[in-house]
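# A structural walkthrough
What follows is the residue order along each chain.
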Amino acid sequence: MSLTKFKLLWISIVILAIVLRFWGLGLTPTSLYWDEAAMAVDARLLAQTGEDMHGLSGLTAIFPSYGDYKLPVYIWFSIPFTYIPVSVEVQIRLVSALAGVFSVIVIGALTYKLLASQSHRHRQIAQLSSMFVLAILPWSIMFSHTAFEGHLAQFFIALSIYCFLNVDKKPSFILLASLLGSISIYTYYSARFVWPLLSVFALAWLLWQHRQTVSQILAKPKKYQKVMIKYAIFGLLSLVLVIVAINLMIHSSWYSAGEQIRLSSESLLTSEPFIQEQNVLREVSGNDRVDRVFSHRHLLQLKAFLGNLSDHLSINYLFFSGDENLRHGTTVFGLGYVAMIPLLLIGLYQLWLKQKSTLWFLLAWWLLALVPASIPTTTPHALRSLNAMMPFAIILGFGLASFFINQSKIIRRLGFVILFFNILCLVRFSYVYHWVYPTLSVSEWQGGYKEVALAIKNLRNEYNHAISYADIGDGRFFLWYLLYTLNSSEYDSQRVISENFSINQIEDHTYFKLPDETSFYSLDRPLIIATSEDRIAELPIPSSAQVTEETSIFNPADGKFFKVLLITKKTDN
Amino acid sequence: MKHFNQQIFFILFLVFVTFFVFLTRLWKLDALPVAPYEEEVAVGYDAYSLLKTGKDHHGQTWPIVAFESFGDFKPTGYAYATLPSLAIFDLSVWSIRLPSALAGIFIIINLIILARLLKISWRWVAIVSVFSPWLIFFSRAAWESNLATSLILAGVVVLWGSWRARQFWLTLPGGLIGTGFLVLATYTYHSARATAPLIFFGLLVLLFTEYLQNQTFSNHSKNKTLSFLNRFLNLWKTKDFRKKIIFPITIWLVFFLFSFWPILANVFSPAVSQRSQETTFINTAPILERSLELQEAGELTWIDSKIFHPYIITIQKIVDTFFIHLSPRFLFVEGDINPRHSSGYTALLFWTDALAMIVGSIWFWQNKRRYFFFLFWWLAVAILPASITKDAPHALRILAGSPVLITFVATGYWQVAQFFSSLWLKFAKNRMVVIGRFAPSLIVFSLILFQWSGFWWFYTQVYPTRYTSVWQTGNQEMVEKVIALQKVYPEHRILLSREGGRPLMYYFFFGKIDPESVQTEAQEKDQRGELTVFQNVHVFDSLPNDLQKSILVLSDRQAQNFNHNLAIEKFDVTDKLNMQKFTLYVIN
C-alpha cells in the first residue's frame, strides 16, 4: 500500500471517528446523569475558584463529590473545556469524546505493533481495519457520547500498553507507560486491578517476541550490561512512580470510606447468600465429607463468577441486545453490529493461524477486563467491562483485514460486501441512536431535572430575594441546582450546610427539602417550591398564602410531573 | 505383551463404562426423579389403554400422528415404544421410564459408532457421553425428546454406516432402516418433525459429496473447465453414479415422504399445529408491543414503521433466541432454569467442556471440514425449532443437538490429551513414555469425573428433596388413599383439586383404572380437551359449593384456608419424602 493511500485512509477513518463521536454530542443522551452532573459541578467550580463544591482543594486523590468519592482525572481533564462557550453537557462530555477519537488512533498503532511477525503491508491493512471497526463500533460511539470515567480509563490503559510494547525501542518508554498507567489508576477504580496485570502480560508478550534476543542476553550478560542497567534504572523508577501513586491514593482521607461504599454494593464478594446456600445444601444432603466438598461456598462462588463472566461472552450480549441498562446501551444494538459476528470468528481463527502469541495476549486482555465486571451481580455490564473494547475491536479488525490480505479476489470482494453490511448497520445505528434512543432512554438520564433547575432560575431572576425549596428525586438535585440555577460566582462553599457530602442548604435562600409549616409564617420573601406532583398535597400551605405561578415539568421516570410553584402572601383584590 | 496389555485395557475400559452406564441410566430408575411428572403418566396411561383395548383413553383407535391427551396432542411414538415394557412389567413408573432409559443407552452406543464413522476417538466419546449430565438427566424420565434424539442418532448412524459398507445389497436396506428411524423420530417429538427431515437432508448431501470426493473413475466429471451442469450431466451418464447414488437416494426419499405423509397431511390440523401455536412467540403481543414501543420512541415516522416493523422484530427475536441456546451461561454454567430440565448445580455440559468444545470444533474445521459442516448443520436444525418458542433457552427442545455438542467436546478432550502427550514425549524424550501416554488422559478424565461426581452427588442427595413440586410428588399416595377410602364410602363423590396438576390422570394411572371404562364413562372435557369427570370422580378448579357426601382432596395450600367443620374425617397425605402434599376430607 502506498504511503499516500495509507495516509488518506488513515485520515478519513479518523475524520469518520470524529464525526461519529461529535455528532449530537451533548444532545444524545438527552441530559446528564448523576455522575456526569457531579463531575461537571466540580470541574466548573475548580475552574473558577480552585475548589470543589465542598471547598476542598482540587489537587486531591479523591473528590468526595456527592458522597460517592470520585477519582480526579476525569474532572481535571474537563476543567479546561469549561472555558469553552458551549453547553454544560458538551463541556463535560468532550473529554470522553476526545478519548474516543484518540482510542481510534491508539488502536491502530497497537494493532500494527501486535502483528509484529506479519509483513508491513498486512500490518497496515490490519491497522486501518481495526481503526475502522473501532470508529464505527456502537460500544465506542455510545460511551464517547457520555461522560463516564471508565471510557477515559480504557484509553489510558490502552495507551499505556502501547508504550509498554514499545519498550524494546527505548527504555524510557517504561516510565511513560507507568505514568499513563498511574493516570488510569486515578481515572477509574477497576484500573488498579486491570492495568498492573495487563502490563505484566504485555511484558510477557514482548519477551516472547524477543525470545531469541533474551536468550542471547542470558548467554552473554556482560556484553549487554549497559543496556540492561538502563532498563533496570527506568524499571525501578517506574516502579517507584506506581508505588508512590498508589500510596498517595490509599493514604487519601476518603479512600477507606470510598472502598466501603464500593464493597457494600451487591457483589459476589458478599458471602452471606453463598453461606446460606451451602448450609441448605449440607442440611439436605447429610453433611458428610463428600457433601462438604461439593457444597462448599467457594465452589458456589466460583460458579456464580463463571456465570457472570460468561454473560459477557455470549453472542446475544455482544451483537444483538447489549447491556439492558439503557444508560449503557440502546437494547436494539449490541456492542458490535450483527454484521461483525463473522469478523469475530474469522479474526480469532486467523490470529490463531498467523500469530498465536498475539491471540493469547488479546484473549488474556479481554478476560482480564471482564473480571472486575463479573464480580458485581448486575451482569453483563457494558461500562465496567469497557477495558475489553480494545482487544475485541482488534480481533474484529483483524477479521476484517484477513479478507483484504487474502490472495483470492473473490474473498477480497467478500470483504467489501461485509464492509458494506457494516456500514448499513452503522446507518441504522446512527438513526436509532440519535432519533429513537433519546426518547427511549430519557427516564434513565434524570430527565426533567435540568428543566426544573432552569425554571427555578427563571423565578429567582424575577424574585431575587425568594427562598427556594427543592425536593426532587433522590436528594441529589442540588447538583443540577449548582449547575444550572446558580452562577458559579454566587456559590460559596463555606456557606452551605451539607451532610455526608450531600448539600442540604445553601446560605439562607435555598433548601433541598420540602418546607415545613414554619416556613410559611412570614411570607415576606416569596417561596419557590419544586417537588413532584404527588407531594404538593402534603404542603401545609396556609390560607394566607397563594400560589402565584405554577410550572409543570414532565418527569419521564414515573410518567408524572414535577411542579415548580411560586408562593406569595395573599393580596386582597 | 503389548498386545496383551491393550486387550486388558480394552476389557477394563468396557467394564468401567458399562458399570457407569447402568449406574447412571438404570439404577433407581423409578425413584430418581422422585415421582412421575404428569406428562409421563399421561403417555404411560395412553399406552396402557392401547395395550388393553387398542384405543387411547379418549377412545381413538391406534392413533398415528398424535394422542389428544390433555388437549396438547402428544406425538404417539413414545407410547408405542412403551408397549413392550408395559406388557412385561405391567403399568408402573419403572415400565414407562424404561424406553427412555434404553434410548439413553442407545444414544451412548450410537455415539460410539458415530465416532467410528467420523474417525475420532470413540473412547473419549464414550466417556463424555456416559458422564454427560444433559444425557443422564433426560434419560431418566419418560421424555419423548430423549427417545426422538436416540432415533435421530440411530437413523444417522445406520444410514451412514450402511453407506460405508459399500455393498449395494447392504446399503439399500440399511439405508431404509436408517430412514425409518428418522421417520419414527418425527412421530415421537414435536420439534423432531422439523429437525429429523432436515438432518436427513443434510446427511444425504454429505453422502453425495463424499461420493464425489471418493470417485476416481470418472475424472472428466471433475473437469473444471466444464460448467456445473455439464459436469453433472457427465456424472449422470455413469452407471455407477446412477446405481450407487441416484437409485438408493430416490428410494429413501420416497420412503421418507411416504411414511412422513400423515404428518405433512395434518400440518394445519390441531394434531400437528396445536403445540407449536401454543409455544411460539410469533404473532404474540410482546412482539407487537416492542415494535410499537420503538416506533413511538422514534415518533412514528415512516422510517420507524419500516425498521421496527413487527416482522423485523420477530426475525431479530428468532435469531436472538437461537443464539441464547448457545450462550455459555446456559450451556456450561447454569443450564435450563426449569429444574425439571436441569439440575441447576451443573449445566448441560461441564465448565471444562467449554474449552474442549472450542478445541474440538476447531479440530473438526481444520481436519474434517465436511463433517464439521454436517455436524454444524445438525446442531443448527436441532436448535431451529426451539428458537421460535417462548421460555428459551430450553434444554429439552434442543436435546437433538446433544450428539453434536458431545462429539465436539469429546474431540476437544481427546486433542488436548494428545497435545500434552506429544509435548511430554517431545521433552522427556524416551523417559517414562508410559506416563506421557496416560497421564494427560487421566488428568483430563479426572476433571470430567470430578465435575460429574458433583452432579451425581447433587442429583442423588439434594435434587429429589429440593424439587419435589416440579415432579409432583404425593399424587401416588393421594390416589392410593382415595381408592382405599372409596371402599369405605362407596356412595361418596370424589372431588380432586386441580392444584395437584392433572389429578385425574394420576387417578387412572396409579389406580390402574380399566381403560375401557375410561373411554366410555369419562366424557366431560374442559375447553382444552382434558378429561375432568370420570364416574363419580370430579376435578375442580375452584371449590364447589355443594360438598355434601364427598371425599374432598385439597392441596396443602388450599387446606390451610379450608373450614373443615363439615368434615367427619381428615387425612394428611405425605409423599415419599414425608412432605405434606394433600389433605383429604370425608364430608357427609
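See the structure printed just above.
Worth saying up front: this structure is predicted, and the values here are computed from it rather than measured. (Residues numbered from 1 in each chain as written. Chains lettered and ligands numbered in written order. Predicted model: local features only at pLDDT ≥ 70, side-chain atom pairs only at ≥ 80, totals over all residues. Heavy atoms only, no water.)

To continue, consider helix α19 (residues 402-427) of chain B. A rise of 1.5 Å per residue sets the reference length of α19(B), with its 26 residues, at 38 Å; its end C-alpha atoms lie 37 Å apart and thus fit the reference within 8%. At the exit of α19(B) stands B:Lys429, carrying a positive phi of roughly 55°. (Helix = DSSP H or I, 4+ residues; strand = E, 2+ residues; numbered from the N terminus. Expected span 1.5 Å × (residues − 1).)

Residues and elements named next belong to chain A. Within the open sheet, the 7 strands sit side by side as β2-β3-β4-β1-β5-β7-β6. Their pairing is mixed. The strands lining the two open edges of the sheet, one partner per strand, are β2 (496-499) and β6 (545-555). Sheet topology note: the strand β1 (residues 467-471)/strand β4 (residues 510-511) ladder contains 2 bridges and is parallel. The partner of Ser 468 across the bridge, within β4, is Thr 510. Helix α22 (residues 477-485) rests against β1, β3 (502-506) and β4 of the sheet, and its axis sits at about 55° to β3. (Pairing = 2+ DSSP bridges. Contact = heavy atoms within 4.5 Å. Axes fitted to C-alpha atoms, helices over the stretch in contact; angles between N-to-C directions.)

It is worth spelling out the interface of chain A and chain B at this point. Each side of the interface is counted separately: chain A has 37 residues, and chain B has 37 residues. Taken together, the two surfaces of chain A and chain B that pack against each other cover about 3000 Å², and 64% of this comes from carbon and sulfur. The largest per-residue losses of area from chain A upon contact with chain B belong to A:Phe294, A:Lys303 and A:Tyr431, which jointly make up 22% of the total buried on that side. A:Asp311 is the partner of B:Arg329 in a salt bridge, and the nearest nitrogen-oxygen pair spans 2.4 Å. Put simply, chain A and chain B have 15 residue pairs in polar contact (both at pLDDT 80 or more) between them. Of all the elements in the fold, those that place two or more residues in the side of chain A that touches chain B are α13 (272-285), α14 (289-294), α15 (297-311), α16 (315-321), α17 (341-354) and α20 (409-441) of chain A. Take the side of chain A that touches chain B: its biggest share by element is 9 residues, from α15(A). The residue inventory of the side of chain A that touches chain B, partitioned by class, reads 22 nonpolar, 10 polar and 5 charged. (Buried area = accessible area lost by both parts, 1.4 Å probe. Salt bridge = Lys/Arg side-chain N within 4 Å of Asp/Glu carboxyl O. Polar contact = N/O pair within 3.5 Å; in protein donor to acceptor, adjacent residues only side chain to side chain. Nonpolar A, V, L, I, M, F, W, Y, C, P; charged D, E, K, R; others polar.)

Let us now look at the sheet that holds strand β6 (residues 550-555) of chain B. All names here are of chain B. Here 6 strands make up an open sheet; going across it, the order is β4-β5-β3-β6-β8-β7 and the pairing mixed. Among the strands making up the open sheet, the edge pair consists of β4 (533-534) and β7 (567-574). Bridge count for β4 against strand β5 (residues 537-540) is 2 bridges, and the pairing is antiparallel. Across the sheet, Phe 534 pairs through a bridge with Val 537, a residue of β5. Sitting on the sheet, helix α21 (residues 475-488) is in contact with β3 (493-497), β5, β6, β7 and β8 (580-587), with an inclination near 15° to β8.

Here we take up the pattern of salt bridges. In the structure shown here, the tally under the stated rule is 32 salt bridges over all chains. One salt bridge in this structure joins A:Glu444 and A:Arg327, with 3.3 Å as the shortest N-O distance. Linking A:Glu444 in the loop between α20 and α21 (449-462) with A:Arg327 in the loop between α16 and α17, this pair joins segments that are 117 residues apart in sequence. Overall, the relative accessible area of 16% leaves A:Arg327 in the buried class. Measuring nitrogen to oxygen at the nearest pair gives 3.7 Å for the salt bridge that ties B:Asp541 to B:Arg498. Here B:Asp541, found in the loop between β5 and β6, pairs with B:Arg498, found in the loop between β3 and α22 (503-510); they are 43 residues apart in sequence, far enough to count as distant. A cluster of three or more residues bridged by salt bridges with shared partners is formed by B:Glu38, B:Arg498, B:Arg502, B:Glu530 and B:Asp541. (Buried < 20%, exposed > 50% of the residue type's maximum accessible area, 1.4 Å probe, protein only.)

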